[in-house]
Amino acid sequence: MSYTYTFWLAVVGLFLGHGLPGAIVGALIGFVLDNMRYSQRRSAVPEAGGFIRPLFELLGAVAKSDGRVSEAEIAIAERLMTRMGLEQGKRQEAIASFNRGKAPEFDVTRSIHELRDWVGLRRDHAFPVLDVVIETVLAEGNPPPEKMAILRQLAFAMRVSDMELMALMAMKGYAWNATGGGPRGGHGGGGYVPPQRSNRGPDPYAVLGISRDADERAIKRAYRKLISEHHPDRLGDLPEDMRKQAETRASEINAAYERVKAEKGFK
């Protein structure tokens, strides 16, 4: 949350209100205004369709980041267009954006910033975007560091932690240790260990973002936080495909919670 009004009104109060009392009054008024602005931004619904160009640019950049765009990555982009029900004009825009993103000189930073601005403070809208990008990152199995670096840069811009990103990967059946995941925004592969597909399916503890020695209270708190952020009813006017993905994530969270409860022996 920004405290711009708090700071400047405190300064104004300091000079116009004769010292500390004026500064305190100004700061209090500014704090109220900052909170109102924060609440408005947090509840704002992103513009419908405003994510298509930067999202497909980013998908093209992810696909090309290891030097080649595979048929599997193209197929994912095409299926996404179909699942989103894009009309002809929007579909052509998505194709052009994907091709623009895979150009060698393309800089992902602008697209990431546009997606961040589109999401705003709606973290529940950040997860569907990340989910779509993860599909392309994992299109060919265990991803190279270049792909993970772009994904982590996007997650960081959207205020999604490595732990939360690990949970999203776990929901897709991949185990990933963020400490060996490569630098954010970089492409270095030193010591890089890619996410590995698990033969056992999603790790329920990784899905919930908790350690195996977490107590009942911590487990329930983690579950409540996750299910509230990933619940499809919070998504508003997003494409039906993204809502379905949210439903899948909510199902994974519920299944993980039930598995952990059964293992820990609490209701």
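All values reported here derive from a predicted model rather than from experimental measurement.

Participant: How should the side chain of E73 be read in this particular structure?
Facilitator: As for its position among the elements, E73 is in helix α4 (residues 71–83). Take E73: its relative accessible area is 0%, and that puts it in the buried class. A distance of 3.3 Å separates polar atoms of two side chains, one belonging to E73 and the other to K147. Setting aside chain neighbours within four positions, we find E73 in contact with A63, R68, F98, T136, A139, E140 and K147.

Participant: Before we go on, may I ask you to explain the environment of R224 in this structure?
Facilitator: If you trace the backbone, R224 turns up in helix α11 (residues 216–230). Taking the C-alpha atoms as reference, R224 lies 9.8 Å from I253; in sequence the two are 29 residues apart.

Participant: Quick question: what am I supposed to make of the packing of helix α3 (residues 52–64) against helix α6 (residues 108–119) here?
Facilitator: Put simply, α3 and α6 touch, their axes get as near as 9 Å, and they point 140 degrees apart. The angle between α3 and α6 places the two elements in the oblique class. In terms of crossing hand, the pair formed by α3 and α6 is left-handed. In this structure, α3 uses R53, P54, L55, E57, L58 and A61 to contact α6, whose residues at the interface are V108, R110, S111, I112, E114 and L115. Class assignment for the residues of the contact of α3 with α6 results in seven nonpolar, one polar and four charged.

Participant: Would you mind going over the side chain of K147 with me for this structure?
Facilitator: Turning to its location among the elements, K147 is positioned in helix α8 (residues 145–157). Taking relative accessible area as the criterion, K147 reaches 1% and is therefore assigned buried. A polar side-chain atom of K147 sits 3.5 Å from the main-chain carbonyl oxygen of V62. Contact partners of K147, with chain neighbours within four places excluded, come to V62, A63, S65, D66, E73, T136, V137 and E140.

Participant: I keep staring at the pattern of salt bridges and nothing clicks. Help me out?
Facilitator: Any two side chains of opposite charge can pair, on the condition that their charged atoms come close. Applying the stated rule across the entire model yields 18 salt bridges. With a shortest N-O distance of 3.0 Å, R68 and E140 are connected by a salt bridge. With R68 in the loop between α3 and α4 and E140 in the loop between α7 (123–137) and α8, this residue pair connects regions lying 72 residues apart in the sequence. Looking at R68, the relative accessible area reads 46%, which means it is partly exposed. A salt bridge links D131 to R249; the shortest N-O distance between them is 3.5 Å. Highlighted residues: D131 in helix α7 and R249 in helix α12 (residues 240–264), separated in sequence by 118 residues. No difference in accessibility class separates D131 from R249, as the two residues are buried.

Participant: Help me understand the packing of α4 against α7, please; the structure alone is not making it clear to me.
Facilitator: For any two helices packed against each other, one specifies the inter-axial angle together with the distance between the axes. Two numbers describe how α4 lies on α7: the axes approach to 9 Å, and their chain directions differ by 150 degrees. As summarised for this structure, α4 and α7 are arranged roughly antiparallel, according to the angle between their axes. Contact residues: E73, I76, L80 and R83 in α4; V132, E135 and T136 in α7. Its residues assigned to classes, the contact of α4 with α7 comprises three nonpolar, one polar and three charged.

Participant: Honestly, α11 in this entry has me stumped. Any pointers?
Facilitator: Here α11 contains 15 residues, and its C-alpha end-to-end distance of 21 Å stays within 8% of the 21 Å for a straight helix at 1.5 Å per residue. When we look at burial in α11, the residues that qualify are I219, A222, Y223, L226, I227, E229 and H230. Looking down the long axis of α11, one finds its buried residues gathered within 160 degrees of arc, a one-sided arrangement. More than 90 degrees from the buried face of α11, the exposed residues found are R217 and R224.

Parameters and conventions
Throughout this description, residue numbers start from 1 for each chain and increase along the sequence as written. Residue-level local features of this predicted model are given only where pLDDT is at least 70; pairs of side-chain atoms are given and counted only at 80 or more, and the full residue set underlies all totals for whole chains, interfaces and linings. Water and hydrogen atoms play no part in the side-chain values, which are based on all heavy atoms of the structure. We count a stretch as a helix when DSSP gives it H or I for four or more residues in a row; a strand needs E for two or more, and each element gets its number in order from the N terminus. Exposure categories follow from relative accessible area, calculated using a 1.4 Å probe and restricted to protein chains: below 20% of the type maximum is buried, above 50% is exposed, and the middle band is partly exposed. Polar contacts here mean pairs of N or O atoms no more than 3.5 Å apart (in protein, one a potential hydrogen donor and the other a potential acceptor; neighbouring residues in sequence count only if both atoms are side-chain atoms). The contact criterion used is simple: two residues touch if any of their non-hydrogen atoms lie within 4.5 Å. Where helices are involved, their axes are fitted lines through C-alpha atoms of the stretch in contact, as for all axes, and angles between N-to-C directions lie from 0 to 180°. Here the word oblique covers every angle except those under 35 degrees (roughly parallel), over 145 (roughly antiparallel) and from 65 to 115 (roughly perpendicular). Working rule for handedness: look at the near helix, and if it is turned counterclockwise from the far one by less than a right angle, call the crossing left-handed; if clockwise, right-handed. Ten residues, namely Ala, Val, Leu, Ile, Met, Phe, Trp, Tyr, Cys and Pro, are considered nonpolar, four, namely Asp, Glu, Lys and Arg, are considered charged, and the remaining ones, Gly among them, are considered polar. The term salt bridge refers to a pairing of a side-chain nitrogen on Lys or Arg with a carboxyl oxygen on Asp or Glu at a separation within 4 Å. Each residue after the first adds 1.5 Å to the expected span of a helix. Picture the helix axis, draw a direction to every C-beta atom, and the arc is the one those directions span.

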